[in-house]
Amino acid sequence: ALSFLPLDALLEELLARTCVVVGGEAATIYLVADDGRSLTVRASRGPADPEGRVDIDIGEGVVGVVAQRAEAVIVNDVADSTLATTLGHQGVVSLVAAPLLVGGEVIGVVQVGTGKKHRFSSRDLRLLQLVADRSAASIERARLDEDARRSRLGAEHARLHLSILALAGDEMATALESYDDALSRLVGVIVPTFADWFAVDLAESSGEVRRVACGSRARDPITS
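Everything numeric here is computed off the predicted structure, so don't read it as measured data.

(A) Structural view of the overall build of the chain. The helix and strand tally for the chain stands at 4 helices and 8 strands. Ordering the α and β elements of the chain from the N terminus gives α-β-β-β-α-β-β-β-α-α-β-β. Sorting the 224 residues of the chain into buried and exposed places 41% on the buried side. Sequence-distant contacts, at least 24 apart, represent 47% of the contacts inside the chain between residues at least 6 apart. Working note: accessible area of the chain is about 12800 Å², and carbon and sulfur atoms make up 52% of it.

This is the structure:
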């Protein structure tokens, strides 16, 4: 039901529902980084303060081990766990975590925790794994859509750059002895397609600077 949402909205809604279903106070989704060797916080909800600015290596701490083994775990006392490090669950005392799997490949980890000691059950573990299984494909689809949109915008921006360069080259090619007229026409090429304001200043042999072309999106161009 959430699969049509953009990635950020999807993750926010997913975490809200996951906390209710599993009975946690905080939830975090970690996604595998592009290098395939670490995880980073992609979304978080609740009072816990995940260390999203520090990558967690695959195999390090509870989250890293879940990603490495592709197996869900319960850690009812983080401080006493042999899997635990301070990475990935600052402020969390008890937690349950499950891998996000797409085609057998781990794309991330979803973790639910509490700030006070809590006893998660095997039922909670099964529920979280069910949530992870049903949402992983939607997360991957939304992430791919986001990447595709960025690539498309980047390609469109590059095409615009090339178009501007070509048009500017055509205008400047008409200049023989004086560039003033060509530069004035260049204003119409740059504004408003590429910029809101454009000006060309030339240094005279006397040392003075002369503005030979200027234009803006505004009604009155800036002249000084």
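Anyway, onward from the coordinates.
(B) Structural context of the environment of P6. Positionally, P6 belongs in the segment before α1 (7-22). With a relative accessible area of 57%, P6 lands in the exposed category. In this structure, the C-alpha to C-alpha distance between P6 and R141, residues 135 residues apart in sequence, is 9.6 Å.

(C) A look at the pattern of salt bridges. Applying the stated rule across the entire model yields 5 salt bridges. The partner of D77 in a salt bridge is K117, and the shortest N-O contact between them spans 3.3 Å. A residue pair is termed long-range when its members are at least 10 positions apart, and D77 in the loop between β4 (73-75) and β5 (94-102) and K117 in the loop between β6 (105-114) and α3 (122-173) qualify at 40 residues. For D77, a relative accessible area of 21% corresponds to the partly exposed category. Judged by relative accessible area, which is 61%, K117 ranks as exposed. Between D196 and R217 there is a salt bridge; the shortest N-O distance is 2.7 Å.

(D) View of the environment of D35. Structurally, D35 can be placed in the loop between β1 (26-32) and β2 (38-45). A distance of 2.8 Å separates the side chain of D35 from the backbone nitrogen of R37, its partner in a polar contact. Within the local environment of D35, its side chain forms a polar contact with the side chain of S38, the two groups lying 3.3 Å apart.

How each quantity is defined
- Residues numbered from 1 in each chain as written.
- Predicted model: local features only at pLDDT ≥ 70, side-chain atom pairs only at ≥ 80, totals over all residues.
- Heavy atoms only, no water.
- Helix = DSSP H or I, 4+ residues; strand = E, 2+ residues; numbered from the N terminus.
- Buried < 20%, exposed > 50% of the residue type's maximum accessible area, 1.4 Å probe, protein only.
- Contact = heavy atoms within 4.5 Å.
- Areas by Shrake-Rupley, 256 points an atom, 1.4 Å probe, with all protein chains shown as cover.
- Salt bridge = Lys/Arg side-chain N within 4 Å of Asp/Glu carboxyl O.
- Polar contact = N/O pair within 3.5 Å; in protein donor to acceptor, adjacent residues only side chain to side chain.

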